[in-house]
Amino acid sequence: MIERLKDDLSKTKTYDDLMCKDGVIKKLIAQSLEQMLESELTEHLVYKKYSPTGKNNGNYRNGKIHKSLKNDPLANGW
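What comes next concerns the included structure. Computed from a prediction, not measured in an experiment: that's the story for all the values here.

## Here we look at unusual backbone geometry
Okay, so step 1: Phi angles above zero are rare outside glycine, and V46 is one such case at about 65°.
Okay, so step 2: One can find V46 in the segment after α3 (24-45).

Shown next as structure tokens:
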């Protein structure tokens, strides 16, 4: 993730490249939130993704859905 961020940052030339809808900062926030949610699920289920431990135990991961932010955290002063 860090290498990809460095690559994205090296390609930015304008403010919009950083802050617009598809900008680097927005992508960084989205990726960070995804990673935090994945970690929280791993902690809750007590086994890592794709681990055979969770198979047929009644408490398992049953898919993934893309999440989107409803508000713009940059506009709220984050």
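Next comes the rest of the account.
## Quick look at the pattern of salt bridges
Okay, so step 1: The tally for this structure, following the rule as stated, stands at two salt bridges.
Okay, so step 2: A salt bridge links K6 to E3, with the nearest nitrogen and oxygen atoms 3.7 Å apart. In this pair, K6 and E3 are both assigned in helix α1 (residues 2-10), three residues apart and thus about one turn of the helix distant.
Okay, so step 3: Residue classification places E3 among the exposed positions, given a relative accessible area of 57%.
Okay, so step 4: Measuring nitrogen to oxygen at the nearest pair gives 3.2 Å for the salt bridge that ties D7 to K11.
Okay, so step 5: A relative accessible area of 53% places K11 in the exposed class.

## As for α3
Okay, so step 1: Helix length check: α3 (22 residues) gives 32 Å between terminal C-alpha atoms against 32 Å at 1.5 Å per residue, within 8%.
Okay, so step 2: Backbone geometry just downstream of α3 places V46 in the positive-phi region, at approximately 65°.

## Quick look at the environment of L9
Okay, so step 1: Of note, L9 is situated in helix α1.
Okay, so step 2: Owing to a relative accessible area of 37%, L9 belongs among the partly exposed residues under this scheme.
Okay, so step 3: For the pair formed by L9 and I25, sequence separation is 16 residues and the distance between their alpha carbons is 9.2 Å.

## Describing the side chain of D8
Okay, so step 1: Looking at the secondary structure, you find D8 in helix α1.
Okay, so step 2: One buried charged side chain, D8, makes no salt bridge at all; its nearest oppositely charged neighbour is R4, positioned 4.5 Å away.

## Topic: the packing of α1 against α3
Okay, so step 1: Where α1 contacts α3, the two axes come as close as 10 Å, and the packing angle between them is 165°. Taken together, α1 and α3 sit at an angle that is classed as roughly antiparallel. When you trace α1 past α3, the crossing you get is right-handed. Between α1 and α3, the residues in contact are R4, L5, D8 and L9 and V24, K27, L28 and Q31, respectively.
Okay, so step 2: For the contact of α1 with α3, the residue count by class is four nonpolar, one polar and three charged.

Parameters at a glance
Residues numbered from 1 in each chain as written. Predicted model: local features only at pLDDT ≥ 70, side-chain atom pairs only at ≥ 80, totals over all residues. Heavy atoms only, no water. Helix = DSSP H or I, 4+ residues; strand = E, 2+ residues; numbered from the N terminus. Salt bridge = Lys/Arg side-chain N within 4 Å of Asp/Glu carboxyl O. Buried < 20%, exposed > 50% of the residue type's maximum accessible area, 1.4 Å probe, protein only. Expected span 1.5 Å × (residues − 1). Lys, Arg positive; Asp, Glu negative; His and termini not counted. Axes fitted to C-alpha atoms, helices over the stretch in contact; angles between N-to-C directions. Parallel < 35°, antiparallel > 145°, perpendicular 65-115°, else oblique. Left-handed = near helix turned anticlockwise from the far one by under 90°. Contact = heavy atoms within 4.5 Å. Nonpolar A, V, L, I, M, F, W, Y, C, P; charged D, E, K, R; others polar.

Purely spatial values, then, with no claim about function.
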